[in-house]
Amino acid sequence: SSNALKHPSDLESDDVRFAGAIDQRLGESWRVAVLADDRFGRFRLYPGFELLLHPTPAQEVRLGFPESSWRWRWAQQWRFEFAVFPDGGRWRVRDPDLERHSIVRLSSWRAAFGLRWQPVEFLEVKAQVGRQFETTLRYQLRDGREARVSPSDATFYGITLNARI
């Protein structure tokens, strides 16, 4: 919640979420994994898999679950990509007076086109545009009442700067 850190005494262990994966390559083309996160709207432990293909030296196709993508390196520092992946989470929301708490769960899918520029090994800039679809928001109050909303599909865009230290 945006106001969670304004009142540290109200924080609970439920406000911190673990996300991780253990994966293993099986030969040149396959990868299997055990993932743990809340991107489907609720914290879960679930399997993942991926078939990695290289149709040309500059292209990479990853077919799998929970994400599939196609990447094309068209110059040394530039890469174009298309990906489909889940996007979600779970968090606790508080009103400004900390009198009402609710749990919000978001689950949706995204399809995105991206352009990555990596001028040096430790720095990357990514521009992305895509569509968010099959979105569901679930609100659950402490008294157990629940509301469910399915917003319309939406276009998203953004620019990300990643730096490795």
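Residues numbered from 1 in each chain as written. Predicted model: local features only at pLDDT ≥ 70, side-chain atom pairs only at ≥ 80, totals over all residues. Heavy atoms only, no water.

We now examine the pairing of strand β6 (residues 78–94). Bridge count between strand β5 (residues 68–75) and β6: seven bridges; the pairing is antiparallel. Paired with W72 across the strands is F80, a residue of β6. Count of turn residues in the β5/β6 antiparallel hairpin: two residues. Looking at chain direction, β6 and strand β7 (residues 101–120) are connected through 17 bridges and run antiparallel. Within β7, the residue paired with E81 across the bridge is G114. (Pairing = 2+ DSSP bridges. Helix = DSSP H or I, 4+ residues; strand = E, 2+ residues; numbered from the N terminus.)

This next bit is on the pairing of strand β8 (residues 123–141). As judged from the 16 bridges shared by β7 and β8, these two strands associate in the antiparallel manner. Paired with W117 across the two strands is V125, which belongs to β8. A loop of two residues connects β7 with β8, the two strands running antiparallel in sequence. In this structure, β8 lies alongside strand β9 (residues 146–149), joined through four bridges in antiparallel fashion.

Right, let's talk about a nonpolar patch on the surface for a bit. The grouping of L26, W30, V32, F49 and F65 at the surface amounts to a nonpolar patch, some 440 Å² of accessible area in total. Along the polypeptide, W30 turns up in strand β2 (residues 30–37). (Patch = residues over 30% accessible without salt bridge, like charges linked within 9 Å, V, L, I, M, F, W, Y side chains within 5 Å. Areas by Shrake-Rupley, 256 points an atom, 1.4 Å probe, with all protein chains shown as cover. Salt bridge = Lys/Arg side-chain N within 4 Å of Asp/Glu carboxyl O.)

Now for the pattern of salt bridges. Within this structure, the stated rule accounts for twelve salt bridges. Residue R31 is joined to D23 by a salt bridge in which the shortest nitrogen-to-oxygen separation is 3.2 Å. With relative accessibility at 21%, the residue R31 sits in the partly exposed group. When the shortest N-O distance is used, the salt bridge between R39 and D37 registers 2.9 Å. (Buried < 20%, exposed > 50% of the residue type's maximum accessible area, 1.4 Å probe, protein only.)

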